[in-house]
Amino acid sequence: MNEKVSIIIPVYNIQGYVAKCIESVLHQEYLNLEIILIDDGSEDGTTELCEKYEQIDTRVNFVRQINQGVVEARKRAFALSTGAYVMFIDGDDYIDRNMVGELLEIITDKKAEVVTSGTFVHSGNAVAKVHDMVEEGEYTTQGELKNLFSKLIFKDNYTEYGILPYLCGKMYKRDVIKKLFKNFERNVKVGEDAAINYSIITGCTKIVVTHKIYYHYIMRGDSASHSAYEYFFDDMGYVYRYLKNNFEKNRYAAQQLLEQLEIFMVRTCLLGIKRNFKCSIPFYWPILKINSGSRIIIYGAGQIGRDYYKILQSMKSYNLLAWVDKKFDEYSKRGMAVLPPDIIEKIKYEYLIIAVKRQDMAEKIMDDLTRLYGVNQDKMIWVKPLDIIEISAEK
């Protein structure tokens, strides 16, 4: 096994992150790599760091361009690449040292066109494990592919991804990317991963899914994915048409794919409304089974925490005492009424609501609160948040 693997890493103003990303690739156990760093017009020290790595390792090819967005950066890097297999990494993330070798072994042994894997999601000190919700294994027969594609975007209840939409965390055979990159003509800034990734996968005839996790995604509050964007709905219109066109051609599960696409668009656009228009209507709602009049504290000031705060603050049936988060200083600068977690020790409360989406992250937070502030586990509550689409579906 000595196939060359091309690693494409777009970078833009990530001076504080890019070195760790590049180092994680340079120290892969598998050595036959081509690493293409494509700088999309950085204005901080990112450029100089990339130039340094190009000088110290011949596998690194550094390219600069004027700012055109991540789609054009990836397309240009792909055009320059020569590997039989291709992976994508965002320049502020990093990977485990065995990732390339293990995914290459799977994709070559199984003669597959794509192999998927999971992601560690880092938010401060909390780490969540995320993987595809479809079953691990090979998908190659007509029945297997129909089953996979019918759960591609959402598995069963339209709340969890069948296959994660990201280009990162996967290895692709070069040939399956080429045509789709060429046909993706618009430089969109939202939904581009889902549009390209799902179109690639539905064009494949042999796919391998593994729940192993090697990729580390770093959540940054200042990243483009968390910012308002003027052309959000124009871009999502293009993403919808692009996916619809490709899904209609699928000979295994076209109808199921189109139904999933409609739900995907509704969910994504609702989040876009909140982000771009500063809409005050909560997307996530707390489903709490506690006594009326209970004295409560909310932990977590992310999107779910903000929605919980708006709802519980307006409800007369609960007595909301405080809203806390370990990154309180960051949130307070935005004008949010978030307090430091040590305030918990000074307040008489009955319940502490953990406002995060994933159970594993909630469990980590609860362990930390017990260890640091002596919070009784019996007082802490985490219930999986339901969004307004899920709530409507249940009624």
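As a starting point, this report considers the structure included with it. Since the structure is predicted, the reported quantities are computational estimates derived from the model, not experimental observations.

About the cut-offs
Residues numbered from 1 in each chain as written. Predicted model: local features only at pLDDT ≥ 70, side-chain atom pairs only at ≥ 80, totals over all residues. Heavy atoms only, no water. Buried < 20%, exposed > 50% of the residue type's maximum accessible area, 1.4 Å probe, protein only. Helix = DSSP H or I, 4+ residues; strand = E, 2+ residues; numbered from the N terminus. Arc of directions from axis to C-beta. Pairing = 2+ DSSP bridges. Contact = heavy atoms within 4.5 Å. Axes fitted to C-alpha atoms, helices over the stretch in contact; angles between N-to-C directions. Phe/Tyr/Trp six-rings, centres within 6.5 Å; stacked < 30°, edge-to-face > 60°. Lys NZ or Arg CZ within 6 Å of the ring centre and 35° of its normal. Core = buried A, V, L, I, M, F, W, Y, C linked by side-chain atoms within 4.5 Å. Salt bridge = Lys/Arg side-chain N within 4 Å of Asp/Glu carboxyl O. Parallel < 35°, antiparallel > 145°, perpendicular 65-115°, else oblique. Left-handed = near helix turned anticlockwise from the far one by under 90°. Nonpolar A, V, L, I, M, F, W, Y, C, P; charged D, E, K, R; others polar.

### What to know about helix α5 (residues 142–149)
- Along α5, the residues that are buried comprise L145, L148 and F149. Seen from one end, α5 has its buried residues packed into an arc of 90°, which puts them on one side.

### A word on the sheet that holds strand β12 (residues 295–299)
- Taken together, four strands build an open sheet; the order of strands is β13-β12-β14-β15 and the sheet is parallel. Only two strands of the sheet have a single neighbouring strand rather than two, namely β13 (319–324) and β15 (380–381).
- Relative to β13, β12 is paired through five bridges, and the arrangement is parallel. Across the sheet, the residue bridging to R295 is N319, located in β13.
- Along the sheet, helix α12 (residues 359–373) makes contact with β12, β14 (351–354) and β15, crossing β14 at roughly 140°.

### Topic: helix α2 (residues 46–56)
- Of the residues making up α2, those classed as buried are T46, T47, C50 and Y53. Mapping the buried residues of α2 onto a view down its axis gives an arc of 125°, with all of them on the same face. Exposed and oriented more than 90 degrees from the buried face of α2 are Q55 and I56.
- Its buried side turned inward, α2 meets β1 (5–11), α1 (18–26), β2 (33–39) and β3 (60–64).

### Concerning the packing of aromatic side chains
- For the structure shown, the criterion picks out eight aromatic pairs.
- Between Y309 and W323 the ring centres are 4.2 Å apart and the planes differ by 15°, which places this aromatic pair in the stacked class. With Y309 in helix α10 (residues 303–314) and W323 in strand β13, this pair connects stretches of sequence that are 14 residues apart.
- Chaining the aromatic ring pairs together yields one cluster made of F184, Y238 and Y242.
- A cation over an aromatic ring shows up here: R174 above the ring of F78, its NZ or CZ 4.5 Å from the ring centre.
- Sitting over the face of the ring of Y349, K379 holds its NZ or CZ atom 4.7 Å from the ring centroid.

### Comments concerning the nonpolar core
- Grouped together as the largest cluster of nonpolar side chains are 88 residues, with contacts concentrated most on V5, M171 and I207.
- When residues of this core are assigned to their parent elements, the largest contribution, seven residues, is made by helix α8 (residues 232–248).
- Residues in contact with M171, not counting those within four places in the same chain, are V5, Y85, V86, M87, V100, L103, L104, I107, E113, V114 and V115.
- Among the nonpolar cores identified, the runner-up in size contains 21 residues, and V121, V324, I344 and Y349 belong to it.

### Describing the pattern of salt bridges
- Counted under the stated rule, the structure contains 15 salt bridges.
- Here D90 makes a salt bridge to R74, at a shortest N to O gap of 3.1 Å. Of the two residues, D90 is situated in the loop between β4 (85–88) and β5 (94–95) and R74 in helix α3 (residues 70–80); the sequence distance between them amounts to 16 residues.
- Using a relative accessible area of 3% as the deciding quantity, one classes R74 as buried.
- Note that E330 and R334 form a salt bridge whose closest N and O atoms lie 2.7 Å from each other.

### Topic: the packing of helix α6 (residues 174–183) against helix α7 (residues 192–202)
- For the pair α6 and α7, interaxial distance at closest approach is 10 Å and the crossing angle is 130°. The orientation of α6 with respect to α7, classified from their angle, is oblique. For the element pair α6 and α7, the recorded crossing hand is right-handed. For the pair α6 and α7, the contacting residues are V176, I177, L180 and F181 in the first and I196, S199 and I200 in the second.
- For the contact of α6 with α7, the residue count by class is six nonpolar, one polar and no charged.

### Section: the side chain of N246
- Relative to the helices and strands, N246 is located in helix α8.
- Aside from chain neighbours lying at most four places away, what touches N246 is L180 and S199.

### Comments concerning the pairing of β4
- Of the two faces of β4, the one lined by Y85 and M87 and the one lined by V86 and F88 are each fully buried.
- Bridge count for β1 against β4 is four bridges, and the pairing is parallel. In the strand pairing of β4, V5 is matched with Y85.
- Here two bridges tie β4 to strand β9 (residues 170–173), and the two strands are oriented antiparallel to one another. Bridged to Y85 within β9 is K173.

So, to be careful, I would describe these as geometric facts and stop short of saying anything about function.
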